[in-house]
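# Summary of structural features
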Amino acid sequence: MKLCRALFNRMSAHARCFGLAVGLSASVGAVWADPTQVEQQVKSAGNAQKDSDFGFRSGSFVATPIPFSNPTIGSGLVLGLGYLFNIDRGSKPSVIGIAGLRSDNGTMGYGGSINLYSHDNRWQLETLFAEADIRYDLFTTIGTLPIRQEGYLGRVSLSYGVTPDLSFGGSMRYLKTDVSLDAPDLPSIPAPFNDFLNTEILSLGVVADWDTRDDTLYPTSGNHLQFEASRGIFLGGILPDYSRAFLNFSHYVAVGKNGVLAAMASTCAASSDTPFFDQCALGGTDSFRGFSFTQYLDDRSASVQVEYRQTLTPRFGGVVFGGAGLVGPTYGQLAEGGTHGAVGIGLRYRVSKKFPVDLSVDVTRNTIDENQLYIYVGQRF
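Structure report, in brief. (Residues numbered from 1 in each chain as written. Predicted model: local features only at pLDDT ≥ 70, side-chain atom pairs only at ≥ 80, totals over all residues. Heavy atoms only, no water.)

Once that is clear, we can look at unusual backbone geometry. Here the amide bond leading from Ala191 into Pro192 is cis, since omega sits at 0°, within 30 degrees of zero. Within the element layout of this structure, Pro192 appears in the loop between strand 7 (166-181) and strand 8 (198-211). Positive phi outside glycine occurs at Asn121, with the angle close to 70°. Its place among the elements puts Asn121 in the loop between strand 4 (108-118) and strand 5 (123-140). The class of Asn121 is buried, set by a relative accessible area of 19%. A positive phi angle, close to 60°, is found at Asp369, a residue other than glycine. Within the fold, Asp369 resides in the loop between strand 17 (358-366) and strand 18 (371-377). Note on Asp369: relative accessible area 54%, which makes it exposed. (Helix = DSSP H or I, 4+ residues; strand = E, 2+ residues; numbered from the N terminus. Buried < 20%, exposed > 50% of the residue type's maximum accessible area, 1.4 Å probe, protein only.)

Okay, the state of the cysteines next. For the structure on display, the rule yields one disulfide. Here Cys268 pairs with Cys280 through a disulfide, and the sulfurs are 2.1 Å apart. Between Cys268 and Cys280, the S-S torsion sits near -75°, and that sign places the bridge as left-handed. On the criterion of sequence distance, the pair formed by Cys268 in strand 11 (residues 259-270) and Cys280 in strand 12 (residues 280-281) is long-range, its members being twelve residues apart. Cys280 carries the same exposure label as Cys268, and that label is buried. (Disulfide = S-S within 2.5 Å.)

With that settled, the discussion passes to the packing of aromatic side chains. Tallied over the entire structure, the rule returns ten aromatic pairs. On the basis of an interplanar angle of 55° and a centroid distance of 4.7 Å, the ring pair of Phe61 and Tyr83 is categorised as tilted. Residue Phe61 is found in strand 1 (residues 60-70), and its partner Tyr83 is found in strand 2 (residues 74-85); the two are separated by 22 residues along the sequence. Residue classification places Tyr83 among the buried residues on the basis of a relative accessible area of 10%. Here the aromatic rings of Phe196 and Phe234 are separated by 6.2 Å at their centres, their planes lie at 20°, and the arrangement is stacked. Here Phe234 lies in strand 9 (residues 222-234) and Phe196 lies in the loop between strand 7 and strand 8, a separation of 38 residues in the sequence. Joined through ring pairs, the aromatic side chains of Phe61, Tyr83 and Phe85 make up one cluster. For Arg309, the ring lying beneath its charged end belongs to Phe381, and the centroid distance is 5.4 Å. Above the face of the Tyr376 ring, Arg380 is positioned so that its terminal group lies 5.2 Å from the ring centre. (Phe/Tyr/Trp six-rings, centres within 6.5 Å; stacked < 30°, edge-to-face > 60°. Lys NZ or Arg CZ within 6 Å of the ring centre and 35° of its normal.)

On to the environment of Ser271. One can find Ser271 in the loop between strand 11 and strand 12. Exposure remark for Ser271: the relative accessible area of 22% places this residue in the partly exposed category. For Ser271, the contacting residues outside a window of four places in its chain are Tyr242, Ser243 and Asp299. (Contact = heavy atoms within 4.5 Å.)

Core analysis: the largest hydrophobic core is formed by 30 residues, its most contacted members being Val78, Tyr136, Leu138, Ile147, Phe276, Phe277 and Val357. Every element with two or more residues in this core is listed here: strand 1, strand 3 (94-103), strand 5, strand 6 (143-161) and strand 7. Ranked by residue count, the leading element in this core is strand 5, at four residues. Counting residues in hydrophobic clusters, the runner-up holds six residues, among them Phe288, Phe291, Val327 and Ala342. (Core = buried A, V, L, I, M, F, W, Y, C linked by side-chain atoms within 4.5 Å.)

This brings us to the pairing of strand 3. Bridge count for strand 2 against strand 3 is ten bridges, and the pairing is antiparallel. Looking at the pairing, Gly80 lines up with Ala99 of strand 3. By the bridge criterion, eight bridges tie strand 3 to strand 4 in an arrangement that is antiparallel. The residue bridging Ala99 from the neighbouring strand is Gly111, located in strand 4. Counting the residues that bridge the hairpin from strand 3 to strand 4 gives four residues, and of these Gly106 lies at a positive phi of roughly 100°. (Pairing = 2+ DSSP bridges.)

What follows is the structure, encoded as structure tokens:
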């Protein structure tokens, strides 16, 4: 979760703010399950500011409203306030911030973030604390049910860079959540979803990141690999513990003077006792466009996405993209559920002449003949 907008002439801080506000939208939109989208926003916006003054007192306050839209929680606005500062010359900006959001389907959330980077980015501490009341549709064997999920989320990760490109660390997440139907006179939530209506979970994990991209805001070359594996422990009750891991790999190639070809391959694996909101999903850790996050859930997933990005003018750009994904109970059974695909086009508006931060609007068409709208800040991957 991140935030900002006030010092528009200091786009370095403004770009960092975008990450703050969009992070809350990402965490709520992913129904608590996808901290990587939050962290990507922090990291991508973080390299935008390189001031000559260092230390906490040399920072700046920034504030911003950020629009968003996605098929899981609808359209709305994130409002954020943040304080940005550089701990040392070689590290990206640290940030302390708060943000809140509301969408047109009734989803609300607020939270705070403290992210500190020091010793030439060798040490990276990233935190997220949020409370949310989320409304979304859950796809079940008895039909699509309107769901209300309320709860609290806290996440802390600490990483150490063994080289400028490679870091390892650990993560901890606390989640307390209640799930209920968001409409009267409907049938009960069916199994296996009803096993996780009132849960309190502590997750411990390991993280790794390898990043050779030439730029984290708008990369034109290089690679980015992310890995996380965690163990979820139910606090109270008799539910068994569960495991979950994912791997994302992105590759970028410059095409001509103003074009970029980006590709991303993702996979996720979870144990059979994983709560539905932590299961593998298209649109979860892989940022797949075209479906609601809760539409395709299972214990395994794999997806591939390709996107061509073209700068048209100093302010405007366009993208075309496509992707295909599969979900299933095991890797050997992925193909049994069929291939789920989507294609789309998008418009990019560069909000600063100095830094490559884009307001993105995408329209997709999926393989079940549905159209979806996405509005967000930055690139999808």
